[in-house]
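# Inside the fold
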Amino acid sequence: MKSKFTLNHSSSSSNVQIKSDRNKNFSRKFKLSTKGTGFIFVVGGVMSGIGKGTTTASIGKILQSRGFKVTAVKIDPYINVDAGTMNPIEHGEVFVTDDGDETDQDIGNYERFLDQDITTDNYMTTGRVYETVIHKERNLDYGGKCVEVVPHIPEEVIRRIEKVARRGYDFVLIEVGGTVGEYQNILFLEAARMMKIKHPGDVLFVLVSYLPIPAKIGEMKTKPTQYAARTLNSAGIQPDFIICRSEKPLDKPRKQKISIFCNIQPEDVISAPDADSIYEIPVNFEKDKIGERILNKFGLKCGKKDLKDYKKLNQTVKRVKRQVTIGIIGKYFATGKFVLSDAYISVIEAVKHACWGHKRKPEILWLNSEEYEQDKKKLNELKKLDGIIIPGGFGSRGVKGKILVIQYARKNNVPYLGLCYGMQLATVEFARNVCGMRGAHTTEIESDTKYPVIHVMPDQEKKLLARDYGGTMRLGAWPCVLKKGTKSSKAYGQRKIEERHRHRYELNNKYRERLEKKGLNIAGTSPDGKLVEIIELPKHKFFVGVQFHPEFKSRPLRPHPLFREFVKAAIS
């Protein structure tokens with residue numbers, strides 16, 4: 001396994017001294033046994049939503065903490081080419097990368113844990129893979145062969161994974177979406193099996209499974225995990241590790257039972273109980289020495305891990321008592337009788353990062369904007385909030401309620417942060433209630449409004465007319481120039497920034513001067529000054545709306561500047 005480090009060794013010794021080019025404080029002794037990148041596949045068993053993404057990110061963090069260069073790949077078993085056209089209620093947040101890919105929310109977890117920007121190469125869907133294979137077939141790239149589902153689809157999956165590895169990573173973790181036994185991910189498991197043959201000694205498999213504790217029984221049950229392991233066996237794959245998710249830590253009898261019936265060593269059965277914070281997970285995994293076990297299987301040895309920063313963060317999470325209450329006003333919450341917070345997961349994590357940075361305990365309240373439309377008296381519940389966030393979104397549902405909330409925040413000096421749609425609706429509210437433009441609106445909702453203060457971007461209008469929806473918005477990182485003396489410029493501490501976008505509509509420059517005369521401060525624009533990126537109310541405690549999505553760049557150890565200042569205002 002080739003390691004991307006500076007080597008100092010002699011031919012007579014199998015041990016080498018290595019200094020990490022990522023962190024010069026590391027000095028390790030490795031025993032190299034293979035000649036390529038290490039590939040670790042993470043698959044799920046029993047049910048979805050048990051934490052494959054955080055497991056993948058946590059294993060990556062553990063290996064990274066030992067001085068290795070690590071990245072992660074997500075495979076989604078959907079025919080969708082990307083996540084951009086998926087309903088957030090059903091699929092969760094659409095996470096946008098710097099290079100403009102609309103991806104699964106797990107890419108966000110990888111970025112937050114590994115503290116690195118993930119690219120479009122690290123994300124694939126069934127639709128994306130088939131699209132490539134069909135395109136290659138049309139171009140005669142297969143030389144006249146019969147192109148078949150097997151082996152050509154798995155081979156394309158392998159090609160994509162190896163392309164990522166060639167960027168010089170020591171480890172590539174690959175999360176396969178869904179659960180074993182589903183038809184949708186069979187071809188990806190086939191690709192994983194084929195990679196094991198192609199790269200013997202350089203491929204490991206991790207099964208993340210759930211061990212229920214039925215309330216009326218009171219005993220942790222291993223049988224579903226046994227079935228999951230056998231189903232994985234039927235795909236030609238034997239797990240090297242089983243991560244056991246459950247409400248409580250795994251005890252010795254269950255660990256022994258899983259070991260016997262799933263054909264792995266007891267030490268490779270890893271306990272993963274519920275945690276107060278996802279950032280506890282790497283530390284919890286290391287209690288079972290998973291990092292050392294993984295490296296041993298790859299024939300590698302190295303010194304102690306370095307998770308001091310995460311341990312310190314987790315101490316803060318557990319110890320903080322003073323609370324700050326933040327209301328997130330949205331509409332992508334309900335799925336039947338349940339709340340789906342995954343629709344805004346990056347916003348939630350960004351709020352947590354900022355609160356912990358200020359040594360505060362975050363209390364996040366989910367407030368449905370539609371309820372305020374039905375009963376304005378419910379706005380009184382906003383009095384208990386220290387700060388209000390309106391995140392991104394689309395469509396007319398709940399818009400009237402959001403505008404009422406924005407008006408409340410503006411008039412009552414409650415710290416407000418509007419993200420994308422939240423910035424656009426703040427402009428609408430200001431135009432209506434401060435500038436006297438009755439009926440002002442965004443053309444997304446009301447195409448014939450008298451005052452289209454928010455309108456479609458010219459290039460986006462053509463795409464909408466052509467029904468060209470998928471992957472066609474203004475996406476990815478774009479530069480923004482900040483106005484001196486604004487809250488935003490003070491927060492960032494620099495004049496020029498780059499933030500990630502996902503939108504089709506913008507502030508209409510026809511009304512810009514009129515809005516500014518009434519006190520709306522244009523705090524940030526595109527370098528050419530044409531696109532309004534940030535609005536502020538200077539006399540307000542904190543009232544900032546941004547056209548971009550700062551939540552995508554927040555990290556647990558580096559809270560985003562705007563969220564940091566928003567929470568600071570909320571606790572002052």
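Below you will find a few notes about this structure. These numbers come from a predicted model, not from an experiment. (Residues numbered from 1 in each chain as written. Predicted model: local features only at pLDDT ≥ 70, side-chain atom pairs only at ≥ 80, totals over all residues. Heavy atoms only, no water.)

### Notes on the nonpolar core
Membership of the largest hydrophobic core comes to 46 residues, with the highest contact counts inside it found for Ile40, Ile59, Phe171, Phe285, Ile290 and Ile294. Residues contacting Ile290, with those up to four places away along its chain left out, are Ile59, Ile62, Phe241, Ile243, Ile270 and Phe285. Grouped together as the second largest cluster of nonpolar side chains are 44 residues, Val176, Phe188, Phe205 and Ile264 included. (Core = buried A, V, L, I, M, F, W, Y, C linked by side-chain atoms within 4.5 Å. Buried < 20%, exposed > 50% of the residue type's maximum accessible area, 1.4 Å probe, protein only. Contact = heavy atoms within 4.5 Å.)

### Quick notes on the sheet that holds strand β9 (residues 171–176)
Read from one edge to the other, the open sheet built from seven strands follows the order β8-β5-β9-β4-β10-β11-β12, with strand pairing classed as parallel. On the outer flanks of this sheet lie β8 (123–125) and β12 (269–273), each paired with one strand and no other. Here the average twist between neighbouring strands, direction ignored, is 20°. Bridging between strand β4 (residues 38–44) and strand β10 (residues 203–210) involves six bridges; their strand directions are parallel. Counterpart to Phe41 in the pairing with β10 is Phe205. Those strands touched by helix α4 (residues 126–138) are β5 (70–76) and β8, and its axis lies near 80° from that of β8. (Pairing = 2+ DSSP bridges. Helix = DSSP H or I, 4+ residues; strand = E, 2+ residues; numbered from the N terminus. Axes fitted to C-alpha atoms, helices over the stretch in contact; angles between N-to-C directions.)

### Section: the environment of Ile364
Looking at the secondary structure, you find Ile364 in strand β16 (residues 361–368). Between the C-alpha atom of Ile364 and that of Val324, which follows or precedes it by 40 residues, the distance is 8.4 Å.

### Focus: the layout of surface pockets
The computed volume of the second largest pocket comes to approximately 430 Å³. Looking at the second largest pocket, it is lined by 27 residues, and the ones nearest its centre are Gly392, Gly393, Phe394, Arg502 and His549. Those elements that place two or more of their residues in the lining of the second largest pocket are α15 (421–433) and β22 (496–503). (1 Å grid on protein atoms, 1.4 Å probe; cavity = no way out; pocket = protein on both sides within 12 Å on 5 of 7 lines; lining within 4 Å. Points joined across faces, edges and corners; volume = space filled by probe spheres on them.)

### Quick notes on the side chain of Glu111
Relative to the elements of secondary structure, Glu111 occurs in helix α3 (residues 106–114). The exposure class assigned to Glu111 is buried, which follows from its relative accessible area of 0%. Once residues lying within four places of it in the same chain are set aside, the contact partners of Glu111 are Phe95, Gln116, Asp117, Ile118, Arg500, Phe552 and Arg555.

### Focus on the side chain of His560
For His560, the position within the fold is in the loop between β26 (543–546) and α19 (561–571). There is a polar contact of 3.1 Å between the side chain of His560 and the backbone nitrogen of Leu562. Those residues in contact with His560 that sit more than four places away from it in its chain are Tyr492, Glu499, Pro550, Lys553 and Ser554. (Polar contact = N/O pair within 3.5 Å; in protein donor to acceptor, adjacent residues only side chain to side chain.)

### Some thoughts on the sheet that holds strand β25 (residues 532–536)
With respect to topology, nine strands assemble into an open sheet ordered β16-β13-β17-β18-β26-β25-β24-β21-β22, the strand pairing being mixed. Looking at which strands have only one partner, the edges of the open sheet turn out to be β16 and β22. Each strand axis lies, on average, 25° off the axis of its neighbour in the sheet, ignoring direction. The sheet contacts of helix α12 (residues 345–357) involve β13 (323–330), β16, β17 (387–390) and β18 (416–419), and relative to β16 the element is tilted by about 150°. Across the sheet, helix α14 (residues 399–411) lies against β13, β17, β18 and β26, angled at about 145° from β17, the strand it touches most.

### Things to note about the packing of α12 against α19
Closest axis-to-axis distance for the α12/α19 pair is 8 Å, and the angle between their directions is 60°. Between α12 and α19, the angle falls in the class oblique. Two packed elements cross with a definite hand, and for α12 against α19 that hand is right-handed. Between α12 and α19, the residues in contact are Val347, Ala350, Val351, Ala354 and Cys355 and Phe563, Arg564 and Val567, respectively. Looking at the contact of α12 with α19, its residues break down into seven nonpolar, no polar and one charged. (Parallel < 35°, antiparallel > 145°, perpendicular 65-115°, else oblique. Left-handed = near helix turned anticlockwise from the far one by under 90°. Nonpolar A, V, L, I, M, F, W, Y, C, P; charged D, E, K, R; others polar.)

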